[in-house]
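# Summary of structural features
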Amino acid sequence: MTILLATGDPAFTRSFQKYLYKEGLPVSPQIVTQRFDLLELVDMVRPRILVIHDTLLKSYLYSQTEQDYEILYLIRQINLNQDFPSKLLLHLIAASFS
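Quick notes on the rules
- Residues numbered from 1 in each chain as written.
- Predicted model: local features only at pLDDT ≥ 70, side-chain atom pairs only at ≥ 80, totals over all residues.
- Heavy atoms only, no water.
- Phe/Tyr/Trp six-rings, centres within 6.5 Å; stacked < 30°, edge-to-face > 60°.
- Helix = DSSP H or I, 4+ residues; strand = E, 2+ residues; numbered from the N terminus.
- Buried < 20%, exposed > 50% of the residue type's maximum accessible area, 1.4 Å probe, protein only.
- Core = buried A, V, L, I, M, F, W, Y, C linked by side-chain atoms within 4.5 Å.
- Contact = heavy atoms within 4.5 Å.

## Re the packing of aromatic side chains
- Taken as a whole and assessed by the stated rule, the structure comprises 2 aromatic pairs.
- Ring geometry for Phe12 and Phe16: centres 5.8 Å apart, planes at 45°, overall tilted. Here Phe12 and its partner Phe16 are both found in helix H1 (residues 10–22), 4 residues apart, which amounts to about one turn of the helix.
- Of the residues examined, Phe16 reaches a relative accessible area of 26% and is grouped as partly exposed.

## Structural notes on the nonpolar core
- Core analysis: the biggest nonpolar cluster contains 13 residues, and Ala6, Val32, Leu38, Leu50 and Ile52 have the highest contact counts within it.
- When contributions to this core are tallied by element, the ones reaching two or more residues are strand S1 (3–6), helix H2 (38–45), strand S2 (49–53) and helix H3 (64–81).
- Ranked by residues supplied to this core, first place goes to H3 with 4 residues.
- Not counting chain neighbours up to four residues away, the residues in contact with Ala6 comprise Val32, Leu38, Leu50, Val51, Ile52, His53 and Leu57.
- Counting 5 residues, the second largest nonpolar core, distinct from the first, contains Ile3, Leu5, Leu20 and Ile49.

So this is what it looks like as structure tokens:
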């Protein structure tokens, strides 16, 4: 079981990684700072747990609506592309959809 943190903030990620490691959880050392890299890293790491902070994870899109749809698209692609049996996807949504 591996945990991948996609928070968009390297300092926060390192702090969270240290905390999870101290708790005995296997955490990937990868730092995900932008949405563009997310699918590739998920495919490479193949985590059982993925934590996404969608508002800090950088996007090349400008409008909030486009960014909202982008994160939903990425989550769908991750769900479609991964074939391991007990995956768990945690999505931290800081912004509400209006």
